[in-house]
There are 10 protein chains.
Amino acid sequence: MSETYQGLTQLGHASAQPATPEQAVLERVPNPHAGTAYLVRFTCPEFTSLCPITGQPDFAHIVIDYVPDGWIVESKSLKLYLASFRNHGAFHEACTMDIAQRLVALLDPLWLRIGGYWFPRGGIPIDVFWQTGAPPAGVWVPDQGVAPYRGRG
Amino acid sequence: MSETYQGLTQLGHASAQPATPEQAVLERVPNPHAGTAYLVRFTCPEFTSLCPITGQPDFAHIVIDYVPDGWIVESKSLKLYLASFRNHGAFHEACTMDIAQRLVALLDPLWLRIGGYWFPRGGIPIDVFWQTGAPPAGVWVPDQGVAPYRGRG
Amino acid sequence: MSETYQGLTQLGHASAQPATPEQAVLERVPNPHAGTAYLVRFTCPEFTSLCPITGQPDFAHIVIDYVPDGWIVESKSLKLYLASFRNHGAFHEACTMDIAQRLVALLDPLWLRIGGYWFPRGGIPIDVFWQTGAPPAGVWVPDQGVAPYRGRG
Amino acid sequence: MSETYQGLTQLGHASAQPATPEQAVLERVPNPHAGTAYLVRFTCPEFTSLCPITGQPDFAHIVIDYVPDGWIVESKSLKLYLASFRNHGAFHEACTMDIAQRLVALLDPLWLRIGGYWFPRGGIPIDVFWQTGAPPAGVWVPDQGVAPYRGRG
Amino acid sequence: MSETYQGLTQLGHASAQPATPEQAVLERVPNPHAGTAYLVRFTCPEFTSLCPITGQPDFAHIVIDYVPDGWIVESKSLKLYLASFRNHGAFHEACTMDIAQRLVALLDPLWLRIGGYWFPRGGIPIDVFWQTGAPPAGVWVPDQGVAPYRGRG
Amino acid sequence: MSETYQGLTQLGHASAQPATPEQAVLERVPNPHAGTAYLVRFTCPEFTSLCPITGQPDFAHIVIDYVPDGWIVESKSLKLYLASFRNHGAFHEACTMDIAQRLVALLDPLWLRIGGYWFPRGGIPIDVFWQTGAPPAGVWVPDQGVAPYRGRG
Amino acid sequence: MSETYQGLTQLGHASAQPATPEQAVLERVPNPHAGTAYLVRFTCPEFTSLCPITGQPDFAHIVIDYVPDGWIVESKSLKLYLASFRNHGAFHEACTMDIAQRLVALLDPLWLRIGGYWFPRGGIPIDVFWQTGAPPAGVWVPDQGVAPYRGRG
Amino acid sequence: MSETYQGLTQLGHASAQPATPEQAVLERVPNPHAGTAYLVRFTCPEFTSLCPITGQPDFAHIVIDYVPDGWIVESKSLKLYLASFRNHGAFHEACTMDIAQRLVALLDPLWLRIGGYWFPRGGIPIDVFWQTGAPPAGVWVPDQGVAPYRGRG
Amino acid sequence: MSETYQGLTQLGHASAQPATPEQAVLERVPNPHAGTAYLVRFTCPEFTSLCPITGQPDFAHIVIDYVPDGWIVESKSLKLYLASFRNHGAFHEACTMDIAQRLVALLDPLWLRIGGYWFPRGGIPIDVFWQTGAPPAGVWVPDQGVAPYRGRG
Amino acid sequence: MSETYQGLTQLGHASAQPATPEQAVLERVPNPHAGTAYLVRFTCPEFTSLCPITGQPDFAHIVIDYVPDGWIVESKSLKLYLASFRNHGAFHEACTMDIAQRLVALLDPLWLRIGGYWFPRGGIPIDVFWQTGAPPAGVWVPDQGVAPYRGRG
Ligand SMILES: [Ca+2]
Ligand SMILES: [Ca+2]
Ligand SMILES: [Ca+2]
Ligand SMILES: [Ca+2]
Ligand SMILES: [Ca+2]
Ligand SMILES: [Ca+2]
Ligand SMILES: [Ca+2]
Ligand SMILES: [Ca+2]
Ligand SMILES: [Ca+2]
Ligand SMILES: [Ca+2]
Ligand SMILES: [Ca+2]
Ligand SMILES: [Ca+2]
Ligand SMILES: [Ca+2]
Ligand SMILES: [Ca+2]
Ligand SMILES: [Ca+2]
Ligand SMILES: [Ca+2]
């Protein structure tokens, strides 16, 4: 494995699942294509957290798009970070925005957006959409294309 | 209008919406193709009732298939009957089965089935499927083909 | 053109649109594969008739499946026959069954079925499904596969 | 529960279903991410009101997108507010616009839009689309992606 | 019924189907939300006219979007107007444009567009798309989203 | 609430989320339609457990169909039971079969089946399908209709 | 290449496109899994022939399923055979049945079926379905699953 | 038929299929809505040509959008022109561009674009997209919406 | 890890990718639900092998269904086995059948079937379907539901 | 074959599969439509490479769009080049970007973009999107329209 990955603590190691988002160690490596404005999309249909009021589980389909600048996120650490919300109590908006803002703090990307597509509660799902601002000029940003909630029929 | 329809009280009249399923007058006319075993499908994506515990509204997509014998249901009276559940409190299973059994009582059909596809509560939708027995031999009974509940993503 | 088609009055001729189903001349030719039990499907998404009560137009998507015996229907005459319902007032069930029964009378097929998928009235579409009996053993009869009515969302 | 929610009268209480939109108490809490322009989408496939002319039920699939400024809507109160149209007679346009304008009055959002996708009447569904103006620059506003009305076939 | 509707000749009356587009009385009422730029979509999957050359029936799926100014179209009169093309002979482009232009003349809307999605002839369907110009700034104009013609397979 | 529900410990009470499947109290009530062979479908797209080897989270979409005999499952207790697998480590087959067999033990149904549609691991998802035997004669058992795994493209 | 393929005249050779079905040399090789009843499906969405009356081109999507006995068809020769209909004038039924019967003659399979899904003419597509009889017991014969003709909308 | 069509040689006549694109007579008539910038879409899923290297057939799904100025193409002549590529050998790009450029030469339209969606060769389909430049301001140009190539699964 | 897994050589170990199917060690463990006839489905959209004639890569989407008897396949070893075809030259039928037959030899299951959905060559994809015989009575065997090949458009 | 193709080493020759991307000879020919800004799309659902860390196979669906200037890529050489990644170890981002950048170096196109849609690892697929900058003014660049990753359900 190249030097780039030598400081990493999780990739290529057996890693315990972090118990909270705070304990999760989100790691970064230098962007191997720094200077080229490309977009990376992570699709995570396996996301769950807890309702901060009732403690009942919540579920979401999360899609993250970002244009790296000097750093990219190491993907195993991202996976463990997302899984660390499993026992974390927070509202839909807070979970979605926290993920985005932690990535922004870690990576200082040229641009980032997140779509949080939450399962319905009370018959009404909530989706949360945020981006750091207008996409950088000239970068290709496809639709996330997640199917809208349909109900039945 | 032919004699067949002369006893009807709702078709071709301004009809007040019945306040309860009990008040609804479900009407029938002689089967114009008696002796021919054909299937009629009514699809009602506009169904709502009330939760008997909380009084909150419930919604369903209802599909009714039947093979008439001597009688067919008059469709305007069926529409009014289905709409009469709007202020009726009952569980999903009860609403679905009540509709089916009232039609069976009225029509004494060769065969009938109902699919009740209810909107999710607590993240889990309930579907109710009932038929009066195996379909009559030689009758064509297509799938109802209602999309399964998908959640998100 | 082969002798088979010599008696036909419409195929290969300019044909006026018949004004009523009664005036329509539904024609047949000998089954070129008589003795082989194959199924022919006609899909007609362009069907319209009139409501016998109000005179307002009705629309349907009609699919006809049949297994010919000695005769097959000449398809131009079928097209003109279906179009002849344009100014014909009849209920959904009657239109659907009339088409099927006229074809049965003309062709005396080994088997025939019809699916009439009508556009909604009062929020509730009606579908009519009929077949002459169980399909002949060994004949391949695929689903018609017409999308169920969805409403909105 | 945090102080933010202490003034709320419905969340975490047993709440009677309000009888009319006027009686519904639509509540707000401070935007926990004020200063960050994100979009929240509520999808409500369970909406019904009454025709003001005939008293017959109407149904719609409603999608609301908004970019909060100082306030966000409390979602249980939104659910009860939407359900309060159940016995309210109003035209499609009026229902759709009333919901939007009440939310605007309550929240003074940076931006809001509503899509009302109504079930067909007379064979023709009506959709109503409104937004408070062009979306704020740099905010991500995905398509609502609701399937168009198809009819049959 | 409010005063607004008092001059109307069709809504709330038994109305004979007009025989031609010329005979159809397309009616308007004052825009109840004048001053608010919202979009209304009518989807009409039940449209038929006649080929001006052959007299054979043509079919189309028509979608109309408009942003009202001082007037809105009364929807029952629109339905009857669209149905009045049933015995009208005109090319696809002419039917589509005539509908649009008659609505523009009646309503003087802020903006209008029409999509005419015609059924195939000679294996090739024709679609006609027209709008009165660029949409007004700040108005939300979703895709019509009609499925493209697929052929088979 | 009717007497039927009086012995229940969870429905209509604030219920703590059970920590394990063993601690979960799955409750039943008498079948209100005993003697009528109908099918009930629960769709649970929000299911998660842990890998017994690695402790990493697993996800599944679970669909349960059953034909009650004397008892039906109380649905809030079912929801809590399914959620109790959140910190439970077991293989896909074991989770799926355990759910089915616990329901069988509780309800002694006429028939039951379960489909467990698991998210991919190592690029290959596993689905588990089990039923208690051939469906009872004359009962209507629709396809579960869950979309097959597609991968990408 | 194994001996099996030594007698073949087209596979592994530059092969001129045969001008007619008669000139096409459809070749066979011994079934490498003789004694095991498996099904092979060829899907050919690229099929065209000529109308025997007008000389205009016709198009079809053809799917062939067969259970080989002693022989399998060599697939390059099948491709050339199907392409040889390009200048061949025949009705839809004849083309479809000819392909099936030539394969039956060549291969003497345990079972064969063909689905011919033709593009619409006069607004009405024709599908032709034929099989040699009921499928052999114990052989797995999935639906061909070709999308039904939809028209527009 | 109106004077406009009097010079036409194919519409309303029995027309032999032209043998080559060069022999095809593509005809035009005056734009009946000259001065109104509308878009016309022709969808042709029935297109075939020959590979110039191997002589093997190629297939494509072709969609043409244009905004007429003084002329519109006569659609029967367009159909015959497209069919005239049947025995024409040319690369995918050349066929697609030739069609577009011949229409531009004939019609001098305000704008034109073509999408050529070719069937895969070597496992990789090629699509060709061309337009005469940016669409004219204010003209409505919907997506062509052709499904992307999926492969299998 | 339980004793059951102690003899395994690959699960929980770093495992080199086997170079050929022959070198791949397909492992089994005792069926933990022996005596219960359930079905397990593996979906592998990531399969590739080589053409035995040209050496060019082939691709397939493979779905395996089986009803275990005394043994189940260890899934990591299955994944490695499927990947071992990467440099293996064999025809579509042979690859598909070899996989099935090796599993049958290893597991001696109550029943097994395989669907091999291969990417098109020469414009025509081949699917291979095989099962060990009719499914055991009372076992639930859902459709594999893989989308049919569509071509373009 | 025209002179243009005379220098090519692979088209029309039997070509061994290159063992690495470095050994692959990507060839170009003069753009036959130089001066016309059209877009060419290659869709490759058959792409595989190796993980540089573990040596396990990776799979992707790759779509390349470019607007040629003086050169176009010869498509057989492109196919062989893409296939040459089969035994190449590289990260998802690197494979995707390498393909794009090699094409840019070879062709010096007016514009190019690539979408790499990778199969999930650890439950989370990665997509990579890059373009050389904003598309040239006036060129038509349709969405790639690849279905988003769905997970299950
Ligand atoms: Ca888009
Ligand atoms: Ca719905
Ligand atoms: Ca079915
Ligand atoms: Ca849903
Ligand atoms: Ca089926
Ligand atoms: Ca969009
Ligand atoms: Ca769009
Ligand atoms: Ca089915
Ligand atoms: Ca099926
Ligand atoms: Ca339609
Ligand atoms: Ca679009
Ligand atoms: Ca795929
Ligand atoms: Ca099925
Ligand atoms: Ca096609
Ligand atoms: Ca788009
Ligand atoms: Ca899902």
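- Chain A goes by NADPH-dependent 7-cyano-7-deazaguanine reductase in an unreviewed UniProt entry, where it is assigned to Rhodovastum atsumiense.
- Note on chain A: under the UniProt heading Pathway (unreviewed entry), the record states "tRNA modification; tRNA-queuosine biosynthesis."
- The heading Sequence similarities (unreviewed entry) in the UniProt record of chain A holds the text "Belongs to the GTP cyclohydrolase I family. QueF type 1 subfamily."

Side note on the environment of Asp-143 of chain H
Residue and element names in this part refer to chain H.
- The topology assignment puts Asp-143 in the segment after β6 (126-131).
- Between the C-alpha atoms of Asp-143 and Thr-9, which are 134 residues apart in sequence, the distance is 34 Å.
- Excluding residues within four positions of it along the chain, Asp-143 makes contact with Arg-41 and Arg-113.

Focus on the relation of the copies chain J and chain A
- With an axial shift of 0.0 Å and an RMSD of 0.0 Å, the rotation relating chain J to chain A amounts to 72 degrees. Taken together, the rotation and translation relating the two chain copies correspond to the operation of a five-fold axis.
- The residues that chain J uses at the interface reappear at the interface of chain A in only 4% of cases, marking distinct surfaces.

A word on the interface of chain H and chain J
- Counting residues at the interface gives 27 residues for chain H, matched by 25 residues for chain J.
- Of the roughly 2,100 Å² buried between chain H and chain J, counting both surfaces, carbon and sulfur atoms make up 67%.
- If you look at where chain H meets chain J, you find zero salt bridges.
- The interface formed by chain H and chain J contains four residue pairs in polar contact (both at pLDDT 80 or more).
- Counting residues per element, the ones that place at least two in the side of chain H that touches chain J are α2 (92-107), β5 (111-118) and β6 of chain H.
- By residue class, the composition of the side of chain H that touches chain J is 15 nonpolar, eight polar and four charged.

Description of the UniProt feature "active site" (unreviewed entry) in chain A
Residue and element names in this part refer to chain A.
- As annotated in UniProt, the feature "active site" (unreviewed entry) corresponds to Cys-51 and Asp-58 in the numbering used here.
- Here Cys-51 lies in the loop between β2 (39-50) and β3 (57-67).
- Setting aside anything within four residues of it in sequence, one finds Cys-51 in contact with Gln-56 and Asp-58.
- Inspection of the secondary structure assignment puts Asp-58 in strand β3.
- Discounting residues that sit within four places of it in the chain, Asp-58 has contacts with Phe-47, Thr-48, Ser-49, Leu-50, Cys-51, His-92, Trp-118 and Arg-121.

Quick notes on the UniProt feature "binding site: substrate" (unreviewed entry) in chain A
- The positions UniProt marks with the feature "binding site: substrate" (unreviewed entry) are Val-73, Glu-74, Ser-75, His-92 and Glu-93 of chain A. A maximum C-alpha distance of 24.7 Å among these annotated residues, which run over 21 residues, shows that they spread across the structure rather than meeting at one spot.
- Relative to the helices and strands, Val-73 of chain A is located in strand β4 (residues 71-73).
- Apart from residues lying up to four places away in sequence, Val-73 of chain A is in contact with Leu-26, Glu-27, Arg-28, Phe-42, Tyr-66, Leu-78, Leu-103, Leu-106 and Leu-107 of chain A.
- Here Ser-75 of chain A lies in helix α1 (residues 75-83).
- Look at Ser-75 of chain A and you get partly exposed, because its relative accessible area is 37%.
- Leave out the neighbours within four places in its chain, and Ser-75 of chain A touches Phe-42 of chain A together with Ile-126 of chain J.

Analysis parameters
Residues numbered from 1 in each chain as written. Chains lettered and ligands numbered in written order. Predicted model: local features only at pLDDT ≥ 70, side-chain atom pairs only at ≥ 80, totals over all residues. Heavy atoms only, no water. UniProt positions renumbered as here; feature names shortened; annotations may be inferred. Helix = DSSP H or I, 4+ residues; strand = E, 2+ residues; numbered from the N terminus. Contact = heavy atoms within 4.5 Å. Least-squares fit on C-alpha atoms with pLDDT ≥ 70 in both. Buried area = accessible area lost by both parts, 1.4 Å probe. Salt bridge = Lys/Arg side-chain N within 4 Å of Asp/Glu carboxyl O. Polar contact = N/O pair within 3.5 Å; in protein donor to acceptor, adjacent residues only side chain to side chain. Nonpolar A, V, L, I, M, F, W, Y, C, P; charged D, E, K, R; others polar. Buried < 20%, exposed > 50% of the residue type's maximum accessible area, 1.4 Å probe, protein only.

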